[in-house]
Protein chains: 2
Amino acid sequence: MIAEYNPFHNGHRYQLATAKRLTGADVSIAVMSGNWVQRGEPALLDKWQRTELALQNGLDLVVELPFSMAVQPAHLFASGAVNMLSLLGCDTLAFGAEHPDMDFSTLAANRPASQTAHFKQFDETYPTLFNDYLQQQTGIDLRASNDILGFTYVAANQQLQSPMTILPIQRLASDHRSDALGDSSIASGAAIRKALTEAQWPAVAQVVPQQTLTALRTQQTVTWDAFWPLLRYQLLAQSIEQLQRIYQMSEGIEYRLKQAALEANDFQDFLRRAKTKRFTYSRLQRLCVYVLLQVTTAVPNTLTRYCRILGFSQTGQQYLNRIKKTLPVPVVTKVTDDWINGPYFLDYQAGLLRQMITGRDQDRLQHPVILR
Amino acid sequence: MIAEYNPFHNGHRYQLATAKRLTGADVSIAVMSGNWVQRGEPALLDKWQRTELALQNGLDLVVELPFSMAVQPAHLFASGAVNMLSLLGCDTLAFGAEHPDMDFSTLAANRPASQTAHFKQFDETYPTLFNDYLQQQTGIDLRASNDILGFTYVAANQQLQSPMTILPIQRLASDHRSDALGDSSIASGAAIRKALTEAQWPAVAQVVPQQTLTALRTQQTVTWDAFWPLLRYQLLAQSIEQLQRIYQMSEGIEYRLKQAALEANDFQDFLRRAKTKRFTYSRLQRLCVYVLLQVTTAVPNTLTRYCRILGFSQTGQQYLNRIKKTLPVPVVTKVTDDWINGPYFLDYQAGLLRQMITGRDQDRLQHPVILR
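Residues numbered from 1 in each chain as written. Chains lettered and ligands numbered in written order. Predicted model: local features only at pLDDT ≥ 70, side-chain atom pairs only at ≥ 80, totals over all residues. Heavy atoms only, no water.

Draft legend 1. Local environment of the pairing of strand β3 (residues 61-65) of chain A. All names here are of chain A. In terms of residue burial, β3 counts as a mostly covered element, since 5 of its 5 residues are buried. Across 5 bridges, strand β2 (residues 29-33) lies against β3 in parallel orientation. When the sheet's bridge partners are listed, Ser33 is paired in β3 with Leu65. Here β3 pairs with strand β6 (residues 307-312) via 3 bridges, running antiparallel. Bridge assignment links Leu61 to a residue of β6, and that residue is Phe312. (Buried < 20%, exposed > 50% of the residue type's maximum accessible area, 1.4 Å probe, protein only. Helix = DSSP H or I, 4+ residues; strand = E, 2+ residues; numbered from the N terminus. Pairing = 2+ DSSP bridges.)

This is how it looks when you write it as structure tokens:
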């Protein structure tokens, strides 16, 4: 599975149980975003806390999706995660979808060959143009957010030498982005995050496992608000030329970001001021993460260069021991200074930034979470 | 006069009154540091608040010493300030000294020709080596901090085509760095700043004018503590390569700063951890300001390119009107966007950084303080 578990909720547990039941899998593996998620936000709980919850709820092995793939547009996120799962020897790729019977393979086969060729309209975001194109080509309306994610997974899977079997699983919550908590025991991550900002504990308790509830109640959760003073400082301290060196800074957005930082009262206000038709909120937020982390154009590398193990059950450990000698990349269970200053640099920095807020070490002192 | 007024105290008032009495000056002018002072610290009160206090206590004209000269080692600070005073048509340069009868001119004439030639000893700071050298050459022991400052002023003055008359004035507080508040109505700035951190209001009230006391009691004062989270973030977010581009980053100190930022609990703890025999605390603090402001090696320019007016009395205004057409550099009373993005960039950024803490605009909306 490909996951963010932000936070781990009943829908995730249902999805995992269903996948295990349908496949009779020997081992279940999740490739999970680290401390920053795909939409350019800090995860509420850190990668170790989320790994522990995933293991407690039935996962056998949790591997970190490197920052350079996790905090990226959906197609790069998907390609990084799918490659990692394939590398780890998975034969089946399960994912939740609003319409699991949708013809994902046909859709994927009809996606535009080049990222940019078809999108010359400058007053719409890329996702809108992309979906319009697909509907024109296939007649299928790809609008539901998990269907879209599933589509990117399938498209990436088709690029593999030996594609995995795909297993779309019906989502019980209608829309990942729906932010209403209903009467059901299942709700989307977005709805749960919204309920948390409003401290609606009874509503949250209904839709997450007990362990998640305890973690959310007892651990320090992190949102963009904590990083806003640092982001504002960085946007104001750096010159336009310095900001132009940041990964994905383009179309003059650096001027808007600087101006918005000068005028805004908080992070949400800042986003509203910086928003244009050509940038989604997710793209803006990712750009802010790159600014915070000082990711320059030279840094990102979306090649799989290592496999960072976040945690395992006994089954997961046995499986890992069996395959690790045959993996073409190093399996990392403990980071060294060489790793921190080398291939793991960006992931380390991403954790260090979180550590500045919570005081909780993210890499130097951490060992994989072991479920006994 | 050359000043920082951090904060304006009775010793400053005495010095000004004495200088006026001894010279019968038509107009008194201070070149003053802006929002960051020479030792690499934020001024307790901002440049407008300090200008107002200076005018209320008898100055006629206050001009900003540009950041690129103010936050520098003493000889560059002195040279920038002396040039500015000379440019403004001053005929006398007054300054406080522990030993006003000292032979400053002989000392200045015997200073080492090159900054670095004589200082190959790597376990002492530059000031220590410099003073040892001077004593060897002249037999004069130049140890008191205001004597040293006076020496740098006189040395800079000797470089002028038409040097000003120098007027050393006996300081009543024995040492600028003495941090004890005695029974006298005069104390050093360092002693006053220390008393303020301990909220010793009765002691402070004894040694500053009433207006200073009111300002310190009612306005938000700023210390390094306010900037510590931003500095720590920047030191940790930037790579060693990025830090190496910062002005004056040398001798591998960037590694120490990064390590100290990782381990330290607060700014003072950070300084202690970063300190080496080759770096004074002032030099370390200045380096931290450069990091905060992202001053890269390309930026500083110690040539006088403008004359930013912070405030004036009626006498000062008349004098300014009389001379401004003959000045070889622009007289700036209101900054424009062109100035902010051009020659005034660093000063603007220095103020913006302060504004992030206090919310008080430092340049865009400010006009000179006018004493009526």
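Draft legend 2. Examining empty space enclosed by the protein more closely. Within this structure, the stated rule accounts for 3 cavities of 30 Å³ or more. Considering the residues around the largest cavity, the lining is formed by 12 residues, among which Gly11, Tyr14, Gln15, Arg171 and Leu172 of chain A are closest to the centre. Those elements that provide at least two residues to the lining of the largest cavity are α1 (10-23) and β5 (165-170) of chain A. Looking at which element gives the most residues to the lining of the largest cavity, the answer is α1 of chain A, with 4 residues. What lines the second largest cavity is simply Gly34, Asn35, Trp36, Lys47, Glu64, Leu65, Pro66, Phe67, Ala70, Asp347, Ala350 and Gly351 of chain B. Of all the secondary structure elements, the ones that give two or more residues to the lining of the second largest cavity are β5 (61-65), α3 (67-70) and α18 (345-358) of chain B. Examining the composition of the lining of the second largest cavity, we find that 3 residues originate from one element, α18 of chain B, more than from any other. Here the residues of the lining of the second largest cavity sort into 6 nonpolar, 3 polar and 3 charged. (1 Å grid on protein atoms, 1.4 Å probe; cavity = no way out; pocket = protein on both sides within 12 Å on 5 of 7 lines; lining within 4 Å. Points joined across faces, edges and corners; volume = space filled by probe spheres on them. Nonpolar A, V, L, I, M, F, W, Y, C, P; charged D, E, K, R; others polar.)

Draft legend 3. Examining the interface of chain B and chain A more closely. Across the boundary between the two partners, chain B contributes 24 residues, which contact 24 residues of chain A. Summing both partners gives a buried area of about 1900 Å² for chain B against chain A, and 57% of it is carried by carbon and sulfur. Seen at the junction of chain B and chain A, the total is 0 salt bridges. Our enumeration of links across chain B and chain A arrives at 15 residue pairs in polar contact (both at pLDDT 80 or more). For the side of chain B that touches chain A, the secondary structure elements donating two or more residues are α11 (224-237), α15 (281-293) and α18 of chain B. Ranked by residues supplied to the side of chain B that touches chain A, first place goes to α11 of chain B with 7 residues. In terms of residue class, the side of chain B that touches chain A is made up of 14 nonpolar, 7 polar and 3 charged. (Contact = heavy atoms within 4.5 Å. Buried area = accessible area lost by both parts, 1.4 Å probe. Salt bridge = Lys/Arg side-chain N within 4 Å of Asp/Glu carboxyl O. Polar contact = N/O pair within 3.5 Å; in protein donor to acceptor, adjacent residues only side chain to side chain.)

Draft legend 4. How the structure looks around the relation of the copies chain B and chain A. Turning chain B through 180° and shifting it by 0.0 Å along the axis lays it on chain A, with an RMSD of 0.0 Å. Taken together, the rotation and translation relating the two chain copies correspond to the operation of a two-fold axis. When C-alpha positions in chain B are compared against the rotation axis, the closest is assigned to Leu230 of chain B, at 3.1 Å. A share of 100% of the interface residues of chain B reappears at the interface of chain A, consistent with the copies meeting face to face through the same patch. (Least-squares fit on C-alpha atoms with pLDDT ≥ 70 in both.)

Draft legend 5. Inspection of the environment of Ala215 of chain B at higher detail. Residue and element names in this part refer to chain B. Here Ala215 is to be found in helix α10 (residues 210-218). Relative accessible area serves as the criterion here: at 12%, Ala215 is assigned to the buried category. For the pair Ala215 and Glu52, spaced 163 residues apart in the sequence, the C-alpha separation amounts to 10.0 Å. Residue contacts for Ala215: discarding those within four places in its chain leaves Leu45 and Leu53.

Draft legend 6. Geometry of the domain arrangement of chain A. Residue and element names in this part refer to chain A. Examined at the domain level, chain A breaks down into domain 1 (2-102 + 142-220 + 303-370) and domain 2 (224-293). For domain 1 versus domain 2, the distance between C-alpha centres works out to 27 Å. Taken together, the contact pairs 15 residues of domain 1 with 11 residues of domain 2. At the boundary of domain 1 with domain 2, total buried surface from both sides reaches about 1400 Å², with 68% on carbon and sulfur atoms. Where domain 1 meets domain 2, there are 0 salt bridges. Counting across the interface, domain 1 meets domain 2 through 7 residue pairs in polar contact (both at pLDDT 80 or more). Each residue belonging to the side of domain 1 that touches domain 2 can be placed in one class, and the counts come to 8 nonpolar, 4 polar and 3 charged. (Domains from an automatic or database assignment.)

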